[in-house]
Amino acid sequence: MKVNVVTGGGTGIGRAAAAMLPKDEKVVITGRRLEKLNKTAEELNAEGHQLVGMTCDVSKREDVKKLAEFAASLGDVSKVIHCAGVSGSMANRETIIRINALGTVHVNQEFYKVMNGGCIVDVASDSGYILPGIMLPGKGVYRLAIEDEDRFVTKMVKKARLGKDEGTNSQIAYMISKNFARWYSERCAYKYMANKGIRVFSISPGYVETPMTEKEKGEATDIMLSYTGLKRGAAPEELAYIITALADERASYLAGADLVCDGGVVNNGYGFLTATKKYKEKALEENW
Ligand SMILES: NC(=O)c1ccc[n+]([C@@H]2O[C@H](COP(=O)([O-])OP(=O)(O)OC[C@H]3O[C@@H](n4cnc5c(N)ncnc54)[C@H](OP(=O)(O)O)[C@@H]3O)[C@@H](O)[C@H]2O)c1
């Protein structure tokens, strides 16, 4: 029996992805809130899916280890879709780095141990592309994630500081955490494929209408969305379709890459330094 795992599978993009996975394969969905997981499992199982909920905090390696072992005890772990994450307005800098950045390390490393073939999809974000290089920690700090998790967190948190406003600093921590997630995913790809035939790649969504973005509506979001040709955010299903299609065995040559799926926002010139109305026309024009 094939077993798939969706972290953050109780809500949003993860829930939509779980709903698109094959019904004849088991799916373990995880998150910190058991009631959300049970509700999603109940709803999708009523439609013929085989979902099992298990609590797991991806920032804790022991939790992820147990999750991977539990999934492997059910059958052959095939697709791991790592959606768990928190936004810049949901937590402080350290928590964001521990969940989004270290969580990606824990999920990739612990599932690598129990998988043979299959794929790991790491959900990053287009916001991982918008900071200028000078605001990013650099590869030396990123490599610490593999050698010394606590030093890694300390250095990442320190770099995610623009001034005294902790709200802005948390947003920067989110962008850095997602830049790291993409970097780390790309780094895993060669070793995982060469040693165990596991495909690893990432997806960088733009604005998606999920519980995470409910509180993010406002002028800054409107400006960002004005950089999409579509002039709107995405539905979770639009991302879930891409994720599950690329996780499918038939997409067998995709590894070590990131797919930006943001309606064109980053490619159309949106960035940390152009994220205001004033720059929009100029950014779009320069892009041509
Ligand atoms: N929505 C967007 O616009 C957008 C854009 C770019 C990237 N993304 C990324 O897409 C992914 C999914 O987000 P979403 O939009 O679908 O939001 P969401 O509905 O809030 O989903 C996030 C999920 O992650 C789980 N989670 C949070 N912290 C966790 C932890 N420490 N351990 C395990 N699970 C945890 C949450 O469940 P619990 O709270 O119960 O743990 C929740 O189910 C995230 O990584 C996010 O950063 C979203």
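Refer to the structure above for everything that follows.
Thresholds applied
Residues numbered from 1 in each chain as written. Predicted model: local features only at pLDDT ≥ 70, side-chain atom pairs only at ≥ 80, totals over all residues. Helix = DSSP H or I, 4+ residues; strand = E, 2+ residues; numbered from the N terminus. Expected span 1.5 Å × (residues − 1). Contact = placed C-beta atoms within 7 Å. Buried ≥ 20, exposed ≤ 12 C-beta atoms within 10 Å, placed from the backbone. Arc of directions from axis to C-beta. Axes fitted to C-alpha atoms, helices over the stretch in contact; angles between N-to-C directions. Parallel < 35°, antiparallel > 145°, perpendicular 65-115°, else oblique. Left-handed = near helix turned anticlockwise from the far one by under 90°. Nonpolar A, V, L, I, M, F, W, Y, C, P; charged D, E, K, R; others polar. Pairing = 2+ DSSP bridges. Near = placed C-beta within 6 Å.

Counted at 1.5 Å a residue, the expected span for helix 2 (residues 34–45) with its 12 residues is 16 Å, and the 16 Å between its end C-alpha atoms agrees. Buried residues along helix 2 sit in contact with helix 1 (12–20), strand 2 (26–31) and strand 3 (50–55).

Attention now goes to helix 9 (residues 236–247). Residues that lie three or four places apart on an α-helix share one face, since the helix turns once every 3.6 residues. For helix 9, spanning 12 residues, the distance from its first C-alpha to its last is 16 Å, which sits close to the expected 16 Å at 1.5 Å a residue. Within the sequence span of helix 9, burial applies to Pro236, Leu239, Ala240, Ile243, Thr244 and Ala247. Along helix 9, the residues classed as buried sweep out an arc of 125 degrees about the axis, all on the same side.

At a minimum axis separation of 9 Å, helix 4 (residues 93–114) and helix 6 (residues 149–159) run at an interaxial angle of 125 degrees. Comparing the axis directions of helix 4 and helix 6 gives the class oblique. For the crossing formed where helix 4 meets helix 6, the hand is right-handed. Counted together, Arg93, Glu94, Ile97, Arg98, Ala101 and Leu102 of helix 4 and Glu149, Val153, Met156 and Val157 of helix 6 form the full contact between these two elements. For the contact of helix 4 with helix 6, a count of residues per class yields 6 nonpolar, no polar and 4 charged.

Here the focus is the sheet that holds strand 3. Pairing in this open sheet of 7 strands is parallel, and the strands run 3-2-1-4-5-6-7 from one edge to the other. Every other strand in the sheet has two partners, leaving strand 3 and strand 7 (258–261) as the edge strands with one partner each. For this sheet the average axis-to-axis angle between neighbouring strands, irrespective of direction, equals 20 degrees. Taken together, the 6 bridges between strand 1 (residues 2–7) and strand 4 (residues 76–82) define a ladder with parallel strand orientation. Bridge pairing in strand 4 links Val3 to Val77. Sheet contacts for helix 3 (residues 61–74): strand 1, strand 2, strand 3 and strand 4; angle to strand 2, the most-contacted strand, approximately 165 degrees.

Close to the ligand lie 31 residues; Gly8, Gly12, Gly31, Gly85 and Met212 are nearest. Going through the elements one at a time, helix 1, strand 2 and helix 4 are the ones with two or more residues in the shell around the ligand. For the shell around the ligand, the element with the highest residue contribution is helix 1, accounting for 3 residues. Here the residues of the shell around the ligand sort into 13 nonpolar, 14 polar and 4 charged.

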